[in-house]
Amino acid sequence: MIEAIDAHLTTFAFVLIAVLMVPLVLAAVRMIAGPSYADRFIALDMVTAIAVAAAALVTAATGRREFLDVAFGLALVGFLATCAFAGLLERMKGETS
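Residues numbered from 1 in each chain as written. Predicted model: local features only at pLDDT ≥ 70, side-chain atom pairs only at ≥ 80, totals over all residues. Heavy atoms only, no water.

What follows deals with the overall build of the chain. Helix and strand content of the chain: 3 helices and 0 strands. Counting helices and strands in the order they occur from the N terminus, the chain gives α-α-α. A globule of 97 residues ought to have a C-alpha radius of gyration of about 13 Å, yet the chain, at 17 Å, is considerably larger. With respect to the principal axes defined by its C-alpha atoms, the chain has extents near 65 × 25 × 15 Å. In the chain, which comprises 97 residues, the proportion classed as buried is 19%. Counted over contacts in the chain with a minimum sequence separation of 6, partners at least 24 positions apart contribute 48%. (Helix = DSSP H or I, 4+ residues; strand = E, 2+ residues; numbered from the N terminus. Rg over C-alpha atoms; globule rule 2.2 N^0.38 Å. Buried < 20%, exposed > 50% of the residue type's maximum accessible area, 1.4 Å probe, protein only. Contact = heavy atoms within 4.5 Å.)

Both the distance between ring centres and the angle between the ring planes are used here to describe each pair of aromatic rings. On inspection of all chains with the given rule, the structure shows 2 aromatic pairs. Residues Tyr37 and Phe41 carry aromatic rings whose centres are separated by 6.3 Å and whose planes lie at 20 degrees to one another, so their mutual orientation is stacked. Taken together, the residues Tyr37 and Phe41, both in helix 2 (residues 37-62) and 4 residues apart, mark about one turn of the helix. Ring centres 4.3 Å apart and planes at 0 degrees place the aromatic pair Phe41 and Phe85 in the stacked group. (Phe/Tyr/Trp six-rings, centres within 6.5 Å; stacked < 30°, edge-to-face > 60°.)

Let's shift gears to the pattern of salt bridges. Counted according to the given criterion, the structure contains 2 salt bridges. Measuring nitrogen to oxygen at the nearest pair gives 3.3 Å for the salt bridge that ties Arg64 to Glu66. Overall, the relative accessible area of 49% leaves Arg64 in the partly exposed class. Note that Lys93 is salt-bridged to Glu90, the shortest N-O span being 4.0 Å. Of this pair, Lys93 and Glu90 are both found in helix 3 (residues 66-96), 3 residues apart, which corresponds to roughly one turn of the helix. (Salt bridge = Lys/Arg side-chain N within 4 Å of Asp/Glu carboxyl O.)

Residues spaced three or four apart along an α-helix face the same direction, because each turn holds 3.6 residues. A rise of 1.5 Å per residue sets the reference length of helix 2, with its 26 residues, at 38 Å; its end C-alpha atoms lie 37 Å apart and thus fit the reference within 8%. For helix 2, the set of buried residues is Phe41, Ala43, Val47, Thr48, Ile50, Ala54, Ala55, Leu57, Thr59 and Ala61. Taken from the residues just after helix 2, Gly63 is the one with a positive phi, measuring 80 degrees. (Expected span 1.5 Å × (residues − 1).)

This paragraph deals with the environment of Leu44. Structurally, the position occupied by Leu44 is in helix 2. With 20 residues separating them along the chain, Leu44 and Leu24 place their C-alpha atoms 9.9 Å apart. Ignoring any residue separated from it by four or fewer positions in sequence, one finds Leu44 in contact with Met31 and Phe85.

Our next topic: the side chain of Thr48. In this structure, Thr48 sits in helix 2. Apart from residues lying up to four places away in sequence, Thr48 is in contact with Leu74 and Gly78.

The values are spatial; any link to function lies outside them.
Okay, structure coming up:
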């Protein structure tokens with residue numbers, strides 16, 4: 001019984017990883033062609049969030065807990081990058097005024 005549930009969970013996790021590739025590509029396009037720095041920073045934050053979700057799904061699919069450490073590290077780096085980019089945008093706004 002548990003093996004059947006585990007097989008379905010693995011299949012479901014891989015399907016969700018494939019589904020996550022669509023917003024990943026769209027966010028990457030926005031990051032490249034964004035009209036402003038703010039759009040690029042938000043797209044980068046979204047790419048980081050998608051990578052965290054993918055790492056969590058890989059953990060569910062493979063059962064290896066190391067990917068949770070990867071997800072935690074990505075989330076931490078993404079948060080710090082967002083804070084740094086927000087500070088940069090504030091400084092850039094102050095220089096143009």
